[in-house]
Amino acid sequence: MEFFDYYEKLYGDRWPQLLEALKGEGRATKLQFGDNLEPYFLDEASVFAAEALGVVPGMDVLDMCAAPGGKTLVIASKLKGEGSLQSNDRSPDRRMRLKRVIDDSLPENWRSIINVTGYDGMKFGLHKKESYDCILLDAPCSSDRHVLASPTHLAEWSSKRVKRLSVEQGALLASAVDALRPGGFIVYGTCALSPMENDDVVRKILKKRPSMQSVEIADLLPGADRTELGIHILPDRSEGRGPIYCAKLVKT
């Protein structure tokens, strides 16, 4: 099957162990911000990616592809009701879930600064130029761990889809760059295995947007791998966490 051949070529001798880890249980942490609020369970690697943005109270923040909402909760917990958070998702169904997560899991004073929107992420660079101090782009990706769990999606998988998604990811990242204020930070992330959706996307934007520079993310989770431009957290070496790729960029 093409999926297995594709990733075996990428990962070589590591692939059998990684494949088994991808089929296994993930490693989630419990987010709860009040006794009377609903807990939310999020992969520890996803928490790490959101925290890498370095949000502090008072910032104007965009979560560009925010649903289902776990990373929005992490960002809101850093803002603590000061500043602004725009949590955006183009899909109406996913946006409804996002709103429920925010309403059920965050205290009212933290919710009060959140604006849930449904814009096309590729348009932020046109209509919201240099409007945000920090942007999290958790880009739509191959979601390989979910593909493995679905016989239908596995049968439909194609390397052409990886290439198509990488083009979309590049357009979203370019939009995020244009919407970012000078001195601001972007964390670009996926849950993809292929470098085409990870380092390659970041490398292209660094060439196209000379104002952007790569920033090293410190304090790694156990077992995380450093790539040329970011960090890849894969479940075979990180006790079930991931897969999550993230890279941090600053606008000079």
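Residue numbers here run from 1 along each chain, matching the order of that chain's written sequence. At least 70 in pLDDT is required for a residue's local features to be given in this predicted model, at least 80 for side-chain atom pairs to be given and counted, and no such filter applies to totals for whole chains, interfaces and linings, which use all residues. The basis for every side-chain value is the complete set of non-hydrogen atoms in the structure, without hydrogens or water.

What about the packing of aromatic side chains?
In step 1: Any two of the Phe, Tyr and Trp rings considered here, Trp counted by its six-membered ring, make a pair once their centres fall within 6.5 Å; the pair's planes then place it as stacked at under 30 degrees, edge-to-face at over 60, or tilted in between. Applying the stated criterion across every chain yields a total of 13 aromatic pairs.
In step 2: Between F124 and Y132 the ring centres are 6.4 Å apart and the planes differ by 65°, which places this aromatic pair in the edge-to-face class. Grouping residues by exposure puts F124 and Y132 together as buried.
In step 3: Here Y188 and Y245 contribute two aromatic rings whose centre-to-centre distance is 6.3 Å and whose plane-to-plane angle is 70°, an arrangement assigned as edge-to-face. With Y188 in strand 7 (residues 180–190) and Y245 in strand 11 (residues 244–251), this residue pair connects regions lying 57 residues apart in the sequence.
In step 4: Buried residues are those whose accessible area, probed at 1.4 Å on protein chains only, stays under 20% of the maximum for their type, while exposed residues exceed 50% and partly exposed ones sit between those limits. Classification of Y188 as buried rests on a relative accessible area of 0%.
In step 5: Clustering of aromatic rings is evident, with ring pairs tying together F3, F4, Y6, Y7, Y11, W15 and W157.
In step 6: When the NZ atom of lysine or the CZ atom of arginine is within 6 Å of a ring's centre and also within 35 degrees of its normal, the charge is said to sit over that ring. The residue whose ring lies beneath K248 is F185, and the NZ or CZ to ring-centre distance is 4.6 Å. In DSSP terms, a helix is any run of H or I states spanning at least four residues, a strand is any run of E spanning at least two, and both are numbered starting from the N terminus.

A word on the layout of surface pockets
In step 1: Considering only enclosed or pocket space, the largest pocket measures out at about 1,100 Å³ in volume.
In step 2: Every definition here rests on a 1 Å grid over the protein atoms only: cavities are sets of points where a 1.4 Å probe fits but cannot get out, pockets are open sets enclosed by protein on both sides within 12 Å along at least five of seven lines, and lining residues have some atom within 4 Å of a point. Lining of the largest pocket is provided by 42 residues; of these, P68, R94, D138, S143 and C191 occupy positions nearest its centre.
In step 3: Ranked by the residues each element gives to the lining of the largest pocket, the list is headed by strand 2 (residues 40–43), at four residues.
In step 4: Residues were grouped as follows: Ala, Val, Leu, Ile, Met, Phe, Trp, Tyr, Cys and Pro as nonpolar; Asp, Glu, Lys and Arg as charged; and all remaining residues, including Gly, as polar. Of the residues belonging to the lining of the largest pocket, the class tally is 19 nonpolar, 11 polar and 12 charged. Grid points are joined across faces, edges and corners, and a volume is the space filled by probe spheres set on the points.

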